[in-house]
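So you can see what is in the structure, the chains are spelled out below.
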Amino acid sequence: MKLVLRISLTLLFYLLLNVPVYGQESPTEKRQKMISEQLIPRGISDRETLKAMGRIPREAFVPVSQKPYAYDDRPLPIGDGQTISQPFMVAFMTQALRLKKSDRVLEIGTGSGYQAAVLSQIVDTVYTIEIIPSLAERASRHLKNLNIDNVQIRNGDGYFGWEEKSPFDAIIVTAGAETIPPVLVEQLSEDGIMIIPVGPHRGVRQLIKLTKKKGKIKTKSLMDVRFVPFVRNR
Ligand code: SAH
């Protein structure tokens, strides 16, 4: 009798675990909602960006405690005092890079690996640099779990870019810098686009779009933003 009870309880437990509670949305549904409520109404229209945002499971890049909030309209903590940007910011920066399939992209600030995963759906190869070793390792695991194999992660200071792999058609910096690192401008290819938050330490920064045309550099401010700081000398 005891055994029967134990088996029934175990079965009930698994049933409760597996049957979605009425009204609970699946991650796919949450992503669709994120796209229709947070991205499209705010001007994200690039099809590749929307497709990539609809494909990458954001919950796979955040700590267990944050999973219920993975699709919230805000940044989330990812450990080591760092954050994953709000979905809109990830989409906005991705769209601003005007990516083509054949582009070589460099990201500075791998963090959780989410932004790199989104980029990986649009271009052939993504190179990304993270200064905190534990984050670089975790990001690498997140990408591997999803069988994403076109992202190369390096642990180091992104201030110096990745010379061996340069030039890059697009560079995206996901930490707030006080000035634009000159080496990154050098590693940007002709007709390349760089998106970087620039401004005073811990203050409101400007999201800058930098373009290189016939060797000439142009910058334009796209909007006010807040980002965790771009750090040096760890
Ligand atoms: N793009 C990330 C979020 C980035 S948060 C994501 O999708 O999850 C910013 C990241 O930049 C942090 O992980 C921080 O450690 C990293 N960072 C800050 N300064 C850096 C530097 N000089 N070089 C490389 N990474 C840096």
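Described in the following lines is the structure provided in the data block. Note that the coordinates shown come from a computational prediction; the quantities given were computed from them, not determined experimentally. (Residues numbered from 1 in each chain as written. Predicted model: local features only at pLDDT ≥ 70, side-chain atom pairs only at ≥ 80, totals over all residues. Heavy atoms only, no water.)

Here we look at unusual backbone geometry
Selection criterion: Every helix listed is a DSSP run of H or I at least four residues long, and every strand listed is a run of E at least two residues long, numbered separately from the N terminus. Exposure is judged per residue with a 1.4 Å probe applied to protein chains only, and the accessible area is read against the type maximum: over 50% gives exposed, under 20% gives buried, and values in between give partly exposed.
With an omega dihedral of 5 degrees, the bond running from Ser166 to Pro167 counts as a cis peptide bond. You can see Pro167 is positioned in the loop between β5 (151-155) and β6 (168-173). Phi angles above zero are rare outside glycine, and Asp80 is one such case at about 55 degrees. In this structure, Asp80 sits in the loop between β1 (76-79) and β2 (82-84). Accessibility expressed as a relative area gives 41% for Asp80, which makes it partly exposed. The phi dihedral of Asn147 falls on the positive side, at around 60 degrees, and the residue is not glycine. Tracing the backbone through its elements, the reader meets Asn147 in the loop between α6 (133-145) and β5. Using a relative accessible area of 66% as the deciding quantity, one classes Asn147 as exposed.

Considering the side chain of Thr128
Here is the rule: For this analysis, a polar contact is any N or O atom pair within 3.5 Å, provided that within protein one partner can donate a hydrogen and the other can accept it, and provided that sequence-adjacent residues contribute only side-chain to side-chain pairs. We call two residues in contact whenever any of their non-hydrogen atoms come within 4.5 Å of each other.
Topologically, Thr128 is positioned in strand β4 (residues 125-130). By relative accessible area, which is 0% here, Thr128 ends up buried. Reaching out from Thr128, the side chain makes a polar contact with the side chain of Glu107 at a distance of 2.8 Å. For Thr128, the residues in contact, after removing those within four places along its chain, are Glu107, Thr110, Ala116, Val151, Gln152, Ile153, Arg154 and Trp162.

Overview of a positive patch on the surface
Where we set the bar: Exposure above 30% relative accessible area and the absence of a salt bridge qualify a residue for a patch, where like charges join within 9 Å and nonpolar side chains (Val, Leu, Ile, Met, Phe, Trp, Tyr) within 5 Å. Where accessible areas are quoted, they stem from the Shrake-Rupley method and a 1.4 Å probe; at the residue level, only the protein chains shown are allowed to cover. When a carboxyl oxygen of Asp or Glu lies within 4 Å of a side-chain nitrogen of Lys or Arg, that pair is called a salt bridge. Residues scored as positive are Lys and Arg, those scored as negative are Asp and Glu, and His as well as the terminal groups of each chain are ignored. Where a charge sits is defined by one atom per residue type, namely NZ (Lys), CZ (Arg), CG (Asp) or CD (Glu).
On the surface, Lys213, Lys214, Lys216 and Lys218 cluster together into a positively charged patch. With respect to the element layout, Lys214 can be found in the loop between β8 (205-213) and β9 (216-225).

Re the site of the ligand
Convention followed: If a single non-hydrogen atom of a residue is within 4 Å of a molecule or strand, that residue counts as near it. Gly is placed with the polar residues, together with every amino acid not listed as nonpolar (Ala, Val, Leu, Ile, Met, Phe, Trp, Tyr, Cys and Pro) or charged (Asp, Glu, Lys and Arg).
The environment of the ligand is made up of 26 residues, and the closest members are Ser112, Glu130, Asp157, Gly158 and Val231. The backbone of Ile131 places a nitrogen or oxygen atom 3.2 Å from a nitrogen atom of the ligand. Take Asp157: an N or O atom from its side chain is 2.8 Å from a nitrogen atom of the ligand. Burial of the ligand by the protein amounts to 99% of the accessible area it has alone, namely 580 Å². Looking at the shell around the ligand, the elements that each hand over two or more residues are β2, β3 (104-108), α5 (114-120) and β4. Ranked by residues supplied to the shell around the ligand, first place goes to β2 with 3 residues. The class makeup of the residues in the shell around the ligand is 12 nonpolar, 11 polar and 3 charged.

Focus: the sheet that holds β8
Selection rule: Here, strands pair whenever DSSP counts at least two bridges between them. Every axis corresponds to a line fitted to the C-alpha atoms, with the helix fit spanning only the stretch in contact, and the corresponding angles, defined between N-to-C directions, vary from 0 to 180 degrees.
Taken together, 7 strands build an open sheet; the order of strands is β5-β4-β3-β6-β7-β8-β9 and the sheet is mixed. At either margin of the open sheet sits one strand with a lone partner, and together these are β5 and β9. Averaged over all pairs of adjacent strands, the angle between their axes in this sheet comes to 15 degrees, without regard to strand direction. In terms of strand pairing, strand β7 (residues 188-198) meets β8 through 6 bridges, oriented antiparallel. Among the inter-strand pairings, Pro197 is bridged to a residue of β8, identified as Leu207. Against the sheet, helix α4 (residues 87-96) engages β6, β7, β8 and β9, with an angle of about 160 degrees to β9.

Comments concerning the packing of helix α2 (residues 27-39) against α4
Heads up, the condition is: Just so you know how the angles are binned, under 35 degrees is roughly parallel, over 145 roughly antiparallel, 65 to 115 roughly perpendicular, and the rest oblique.
Viewed as axis vectors pointing N to C, α2 and α4 meet at an angle of 75 degrees, and their least axial separation amounts to 10 Å. As the angle between them shows, α2 and α4 are arranged roughly perpendicular. Each of Met34, Gln38 and Leu39 in α2 lies in contact with α4, whose residues at this interface are Pro87, Phe88 and Ala91. The class makeup of the residues in the contact of α2 with α4 is 5 nonpolar, 1 polar and no charged.

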